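# Working through the structure, step by step
Each chain, written out:
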Amino acid sequence: MGYDGPEVFLAPYANDAAQENFQRTVVEGVDVDRVGSHTDRELEHLRTAGGDRIRLWGTKKTVSGTWENIEPGDFLFFYRDGTYEQASMVLATEENEQLGREIWPNHGDDDPWVCIIYLDEPVNLNLDSSVVHDLAGHDINYVMGFSPLNDMGLGGLRGRYGSIEELVTGGNPVTSGGAGPEPNIDIRADPEYDIPGSVFDDLYYPDDQLSDIVEQLNAALNAGKHVVFTGPPGTGKTEIARLTCEYLAEEHPEVFTGAQTTTATADWSTFETVGGYMPDEDGGDRLSFEPGQVLRCFKRDGRQRNDLLVVDEVNRADIDKAFGQLFTLLSGQSVQLPFKRDGTEISITPAATISEESAPQTADYVMPESWRLLATMNSYDKTSLYEMSYAFMRRFSFIHVDAPTVPDDPAAAAALVASYATVWGLDVDDGTARSVAKVWQVANNTIEDRKIGPAIVEDILSQVTDVSHEHRPRTLTHAIANHVFPQLEGVPRRERVVEALTRLDEVDSERLERLGRDVLQVTLDGAR
């Protein structure tokens, strides 16, 4: 166990042999007498299942360098189908080839499991792999053999959950599928949706904007539509999508098994959404099908699921390349995938096309009637809309979440900023409100159809609040570079916004101009 707490070791069990081993030796455990007949160590403190069972896992000699670093109190996170499904605390280790050959004969004579790991009773984790791999700096679909989680990943998990122990024992807030018995859900049900505005009480929208959004959202869901929230950055699109899914999963547990959130990238292909072949965890030549983000919403651990899916910033992805066969699926038709599992072709079938009497084959994925995809799209990238086929687009309802109009009158604009600051719990003086209001006016009014939302203004306020009047220009300048400039990346005529911002009396013009060159590669006419 490290100074900051337990270490985490990642243990994939993707192929059939590893899954069988996991069930037999970790979940069920091995009779203590059987283990005792092949080891001289004291086993009393390793009994974890009714006093007569020992739980254990193992690795090959080739990874003994990693195994040697495992200490009692560390954790194994077991990975399968894109999810860290279970976690177990390490009780002890030993190198014992005789015991390994006895317990795991399916690993053969050439490469037996000889590095033994004694474990406590496993607990359900259900942590989406994208969370771990993103925090660790890996590609979202990074697949590894038995390996330690790096320091960046450990620090990220501790920062997000408080500690590894709290993550394991306290549950996972990212994928709310939860643990426990097999879900008993009705794949053909599609309830009536009446999401109350109170679900979004933590979000602030002036006038009747929120009620309009909620009305459109309920209408879309009741019409059987998936939803894309469009709008400028910082308008709360992702929070609306996330809170919607959390509410539906809690309100209709007989229909939904949870929710998942992911962020699209320019590198996405159908591998990320549908799935594809990946090498088995044992490092051999065999390939097995690894389901993608959408398929993991329909089945995990061999069980039917119905996890709602939020895809943040879907505009980042090449729509055609990323969604592929899903164009057909979301149009209400079955899809035959170009992959096989155990010799059987894999298909995705809408529940509406399955009769009451028939049941999907083992390798099939069934899309429940009520399943919904909620995506967000930056309105700066409207051209992405036209990359969707008409058949695909008509399955979606596009709900615009606009930024508020910033009044031309300085006092009214400052009052708008102050009203948001009150909601955010920020104590902002009049001078700060006026200064930030001017920045917001320039950012939203200099170029047509290019706005920033309140969330970015909150970031700016958080940086400049409590700064003395003397230091406010320099701090506000840095806040603009930190929070406004990134929203101008790739925006045509962005030099007009930078130039207008440098003219404000409230900023350090020379510094902001230099930052514009460094961050946005914008050179203004007459640059110093």
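Residues numbered from 1 in each chain as written. Predicted model: local features only at pLDDT ≥ 70, side-chain atom pairs only at ≥ 80, totals over all residues. Heavy atoms only, no water.

This part takes up helix α20 (residues 509-520). Counted at 1.5 Å a residue, the expected span for α20 with its 12 residues is 16 Å, and the 16 Å between its end C-alpha atoms agrees. Where α20 is concerned, the buried positions are Arg-511, Leu-512, Glu-513, Leu-515, Gly-516 and Leu-520. Of the surrounding secondary structure, the elements contacted by the buried residues of α20 are α18 (472-484) and α19 (494-502). Following α20 by one or two positions, Gln-521 has its phi on the positive side, about 55°. (Helix = DSSP H or I, 4+ residues; strand = E, 2+ residues; numbered from the N terminus. Expected span 1.5 Å × (residues − 1). Buried < 20%, exposed > 50% of the residue type's maximum accessible area, 1.4 Å probe, protein only. Contact = heavy atoms within 4.5 Å.)

Once that is clear, we can look at the sheet that holds strand β16 (residues 335-341). The mixed open sheet is built from 3 strands, whose spatial order is β16-β17-β18. Edge positions in the sheet fall to β16 and β18 (365-367), since each of these pairs with one other strand and no more. Across the sheet, the mean angle separating the axes of adjacent strands is 20° when strand polarity is ignored. Direction of pairing for β16 relative to strand β17 (residues 344-350): antiparallel, over a ladder of 4 bridges. Bridge pairing links Lys-340 to Glu-345 in β17. (Pairing = 2+ DSSP bridges. Axes fitted to C-alpha atoms, helices over the stretch in contact; angles between N-to-C directions.)

Within strand β3 (residues 53-60), 7 of the 8 residues are buried, which leaves the element mostly enclosed by the surrounding structure. Pairing of strand β2 (residues 30-31) with β3 involves 2 bridges; the strand directions are antiparallel. Among the inter-strand pairings, Asp-31 is bridged to a residue of β3, identified as Arg-53. Here 6 bridges tie β3 to strand β6 (residues 113-119), and the two strands are oriented antiparallel to one another. Paired with Lys-60 across the two strands is Trp-113, which belongs to β6.

Quick look at the sheet that holds strand β10 (residues 258-263) now. An order of β10-β15-β19-β9-β20 is seen for the 5 strands of this open sheet, with the pairing classed as parallel. At either end of the open sheet lies a strand with only one pairing partner, and these are β10 and β20 (396-400). Geometrically, the sheet is characterised by an average inter-axis angle of 20° between neighbouring strands, direction not taken into account. Relative to strand β19 (residues 373-378), strand β9 (residues 226-231) runs parallel, the two sharing 5 bridges. Along β19, the bridge assignment pairs Val-228 with Ala-375. With respect to the sheet, helix α8 (residues 209-222) is in contact with β9 and β20, its orientation differing from that of β20 by roughly 180°. Of the strands in this sheet, β9, β10, β15 (307-312) and β19 are in contact with helix α9 (residues 237-251), which crosses β15 at around 175°.

Before going further, it helps to examine a negative patch on the surface. Together, Asp-186, Glu-250, Glu-251 and Glu-254 line one region of the surface with negative charge. As for its placement among the helices and strands, Glu-251 is situated in helix α9. According to the relative accessible area criterion, Glu-251 is partly exposed, its value standing at 43%. (Patch = residues over 30% accessible without salt bridge, like charges linked within 9 Å, V, L, I, M, F, W, Y side chains within 5 Å. Areas by Shrake-Rupley, 256 points an atom, 1.4 Å probe, with all protein chains shown as cover. Salt bridge = Lys/Arg side-chain N within 4 Å of Asp/Glu carboxyl O. Lys, Arg positive; Asp, Glu negative; His and termini not counted. Charge placed at Lys NZ, Arg CZ, Asp CG, Glu CD.)

The geometry of helix α16 (residues 430-445) relative to helix α17 (residues 454-464) is characterised by a closest axis approach of 11 Å and an angle of 140° between their N-to-C directions. By the criterion of interaxial angle, the relationship of α16 to α17 is oblique. Considering only the axes of α16 and α17, their crossing is right-handed. The residues of α17 that touch α16, namely those facing Thr-432, Val-436, Val-439 and Trp-440, are Pro-454, Val-457, Ile-460, Leu-461 and Val-464. For the contact of α16 with α17, the per-class residue count stands at 8 nonpolar, 1 polar and no charged. (Parallel < 35°, antiparallel > 145°, perpendicular 65-115°, else oblique. Left-handed = near helix turned anticlockwise from the far one by under 90°. Nonpolar A, V, L, I, M, F, W, Y, C, P; charged D, E, K, R; others polar.)

Turning next to the confidence of the model for the protein chain. Looking at the protein chain, the pLDDT average stands at 84 and 88% of residues meet or exceed 70. Within the model, pLDDT remains below 50 along residues 171-182, and this stretch shows 32 contacts once partners closer than five positions in the same chain are excluded. (pLDDT = per-residue confidence, 0-100.)

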